[in-house]
Amino acid sequence: MPELPIDAYEHLKNLLEENLKYTRETFKTVEKIHRHFMVERIYHFIKFVIIIGLLVMSYLAVQPYLQQMIKVYESLKQTAGQMQNLDPSSLYKQYQNANLLPKK
């Protein structure tokens, strides 16, 4: 192996020290990026949990009203079904017999 001049050793030493400096800076930057991604994951998870929690709480708060509306809808549907089976002439006779119609 040929002998290198002292200037070459100094130059190589300076290059290695500079390389080490850039490597440390790169490592610090990569750590910051990794930390940022971890914080972002935690933030998105917490946001997801809050949204799901709000949806569940909203459903629990609205559920009694929905059940009441469904009962009213079913009773209206049943009444409408009964009204379709009515005969208008028999209805007229019932009102006439009960004296609910105006006199002529």
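Everything below is about the structure shown above.
Now for a quick tour of the structure.

Thresholds, definitions, all that
- Residues numbered from 1 in each chain as written.
- Predicted model: local features only at pLDDT ≥ 70, side-chain atom pairs only at ≥ 80, totals over all residues.
- Heavy atoms only, no water.
- Helix = DSSP H or I, 4+ residues; strand = E, 2+ residues; numbered from the N terminus.
- Buried < 20%, exposed > 50% of the residue type's maximum accessible area, 1.4 Å probe, protein only.
- Areas by Shrake-Rupley, 256 points an atom, 1.4 Å probe, with all protein chains shown as cover.
- Patch = residues over 30% accessible without salt bridge, like charges linked within 9 Å, V, L, I, M, F, W, Y side chains within 5 Å.
- Salt bridge = Lys/Arg side-chain N within 4 Å of Asp/Glu carboxyl O.
- Lys, Arg positive; Asp, Glu negative; His and termini not counted.
- Charge placed at Lys NZ, Arg CZ, Asp CG, Glu CD.
- Phe/Tyr/Trp six-rings, centres within 6.5 Å; stacked < 30°, edge-to-face > 60°.
- Lys NZ or Arg CZ within 6 Å of the ring centre and 35° of its normal.
- Expected span 1.5 Å × (residues − 1).
- Bend = angle between axes of the 7 residues up to and from the residue.

1. A closer look at the overall build of the chain
Link 1 in the chain: Helices and strands together make up the secondary structure of the chain, namely two helices and zero strands.
Link 2 in the chain: Of all 104 residues assigned to the chain, the portion counted as buried reaches 0%.
Link 3 in the chain: With an accessible surface of roughly 10500 Å², the chain has 66% of that area assigned to carbon and sulfur atoms.

2. Details of a positive patch on the surface
Link 1 in the chain: Taken together, R24, K28, K32 and R35 make up a surface patch of like positive charges.
Link 2 in the chain: Counting through the fold element by element, K28 comes out in helix 1 (residues 6-84).

3. Regarding the packing of aromatic side chains
Link 1 in the chain: For the structure shown, the criterion picks out zero aromatic pairs.
Link 2 in the chain: Above the plane of the ring of Y22 lies K21, whose end atom (NZ or CZ) is 5.4 Å from the centre.

4. Describing helix 1
Link 1 in the chain: With 79 residues, helix 1 should reach 117 Å at 1.5 Å per residue; the first-to-last C-alpha distance of 110 Å fits that figure.
Link 2 in the chain: Within helix 1, the axis deviates most sharply at V62, by approximately 45 degrees, and proline P64 lies no more than four positions further along.

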